[in-house]
Amino acid sequence: TEKDEHHNAEVVGISQELINEFSTRRAEILAVLEELGIEQTSDRNTVIAELTRKEKDVSGELSDNYDDWIIRAREHGFKGWNGILNVTNIYEETKLDIENVFAQLNRRSSFTRLDLVREIGRNSSCLTSEEIESEADRLLASDSLVQISEENLNDDLEITTKSRNPLLTTRFVLETEKTVLAAATAGQNSRHDLFNKQALESTAEKLHLTDEQKAAFQNVLTSNNFIDLIEGAPGAGKTNMLRAVVDEWRGKGGDVIGMAVSARAAAELGFGTKTDSDTIAKHLLDGKPIGKNTLIIIDEASMIDTVDL
C-alpha cells in the first residue's frame, strides 16, 4: 500500500495478527524504550532496532524452515503464495557496498557531499566517476540523508552551510541523537537522594579539594540526574575529584565502571580512579549487562560517536 504520513506502509494481504506471529523484535524494542522511560515513535523504534540488533543464526538451509513457515502462516489465515520471493539487490550489478557506505557515515556526526562521494568511491569496485557522482545525488535526494540547517549550528559553523559543501548527516544518526537526548531528559531527577550534602561538604574539606573540585564532587553525587557532564582543563584535578566520587559511590554499595575511547586513556582512568576501566569498544563487544546501581565514568565523552554513545 501507499505510505502514510509516518512513512509506514502495509503489505496487502498480510494481517497484523500474522505480523505479530513472525515478529518478536517489536516487543523487544518496546521493552527497551520503556526501560529508558521515553515515548515510542517510528523513528525511535528504528534507532533502538539498529542498536539492539543481534547477529542472525544462518546455520542450516532456509528450505528447512519453509514447511513450518507455511503451516504457521495458514493457521493465521494467510492463503497466499507459498514460495520465498527472491529479491535481487540493486547494488550487486554496480558492485557498490551501500551498507558499508552508511556504516561509515553513521560513525560521523556530520559530513559533506565530498565525504559522501569519497565513501561511495571507496566502497565500489567498478563505478565510473560520473556514476559515483550520480549515486551521491540519488542518496542526497533520498530520505536517508539530511542537510543540517543553519539554525542548528553556531556562528563558527555558519559559513559551512553557505558553502558548496553544506553539512549533512544520516537520518539514522539524527534519530539516534534524538533518542539519546530523550533518554537524558527523561533521566533528570530520576535518582533517589543517596548522599547528605553536609557530609559531602565535610569529606571535601578533609580531602582538601579546591572550590571547583568541591562543586563538581557535590554536584555529581547530589544532582539525581541520569547523566552529568564534567568539563575542566588538563591538570584541573578532574581525576582526583572522580576518585573521591568513586569512594563515596562504593560506600553506598554501588558499582563503578570506567570507559574511554583509547586503551591508554582507559588505563589512565582506571589507575587514577581505582576502577576497572576499558575501552568503549570492548564494553560494547562484550555486551555485559550493567546494573541500575552502577556509576559509569566516561573519559573524553565528546570524542565518542553518536551511535556508541
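Because the structure is predicted, anything quoted here is derived from the model rather than measured.

Draft legend 1. Molecular detail of the pattern of salt bridges. Counting across every chain of the model gives 13 salt bridges. Here Asp308 ties to Arg107 by a salt bridge, and the two come within 2.9 Å at their closest N and O atoms. On the criterion of sequence distance, the pair formed by Asp308 in the segment after strand S5 (294-298) and Arg107 in the loop between helix H5 (98-105) and helix H6 (113-122) is long-range, its members being 201 residues apart. Of the residues examined, Asp308 reaches a relative accessible area of 26% and is grouped as partly exposed.

Draft legend 2. Structural detail: the packing of aromatic side chains. Applying the stated criterion across every chain, the model contains one aromatic pair. When the ring of Phe195 is compared with that of Trp249, the centres are 6.1 Å apart and the planes differ by 35°; the resulting orientation is tilted. Here Phe195, found in the loop between helix H9 (171-186) and helix H10 (197-206), pairs with Trp249, found in helix H12 (residues 238-251); they are 54 residues apart in sequence, far enough to count as distant. Each of the two residues, Phe195 as well as Trp249, counts as buried.

Draft legend 3. Representation of the nonpolar core in the model. If you look at the biggest cluster of nonpolar residues, it comprises 18 residues, and the most contacted ones within it are Phe217, Leu221, Val245 and Ile297. Broken down by secondary-structure element, the contributors of at least two residues to this core are H10, helix H11 (211-222), H12 and S5. A total of six residues in this core trace back to one element, the largest contributor, which is H12. Core analysis: the next-biggest nonpolar cluster, separate from the first, contains 15 residues, Leu96, Phe102, Phe111 and Leu145 among them.

Draft legend 4. Broad picture of helix H2 (residues 25-36). Given a rise of 1.5 Å per residue, twelve residues ought to cover 16 Å, and the 17 Å separating the end C-alpha atoms of H2 matches this to within 8%. Note on H2: the residue one or two positions beyond its end, Gly37, has a positive phi of about 75°.

Draft legend 5. The arrangement of the side chain of Asn123 in detail. Turning to its location among the elements, Asn123 is positioned in the loop between H6 and helix H7 (129-140). For Asn123, a relative accessible area of 12% translates into the label buried. For Asn123, the contacting residues outside a window of four places in its chain are Lys95, Leu96, Asp97, Asn100 and Val101.

Draft legend 6. Geometry of unusual backbone geometry. The backbone phi angle of His208 is positive, close to 55°, even though this residue is not glycine. On the basis of relative accessibility, which here comes to 68%, the residue His208 falls in the exposed class. Unlike most non-glycine residues, Glu300 shows phi in positive territory, near 55°. Glu300 gets classed as partly exposed once you look at its relative accessible area, which sits at 45%.

Definitions and cut-offs
Residues numbered from 1 in each chain as written. Predicted model: local features only at pLDDT ≥ 70, side-chain atom pairs only at ≥ 80, totals over all residues. Heavy atoms only, no water. Salt bridge = Lys/Arg side-chain N within 4 Å of Asp/Glu carboxyl O. Helix = DSSP H or I, 4+ residues; strand = E, 2+ residues; numbered from the N terminus. Buried < 20%, exposed > 50% of the residue type's maximum accessible area, 1.4 Å probe, protein only. Phe/Tyr/Trp six-rings, centres within 6.5 Å; stacked < 30°, edge-to-face > 60°. Core = buried A, V, L, I, M, F, W, Y, C linked by side-chain atoms within 4.5 Å. Expected span 1.5 Å × (residues − 1). Contact = heavy atoms within 4.5 Å.

These values are about where atoms sit, not about what they do.
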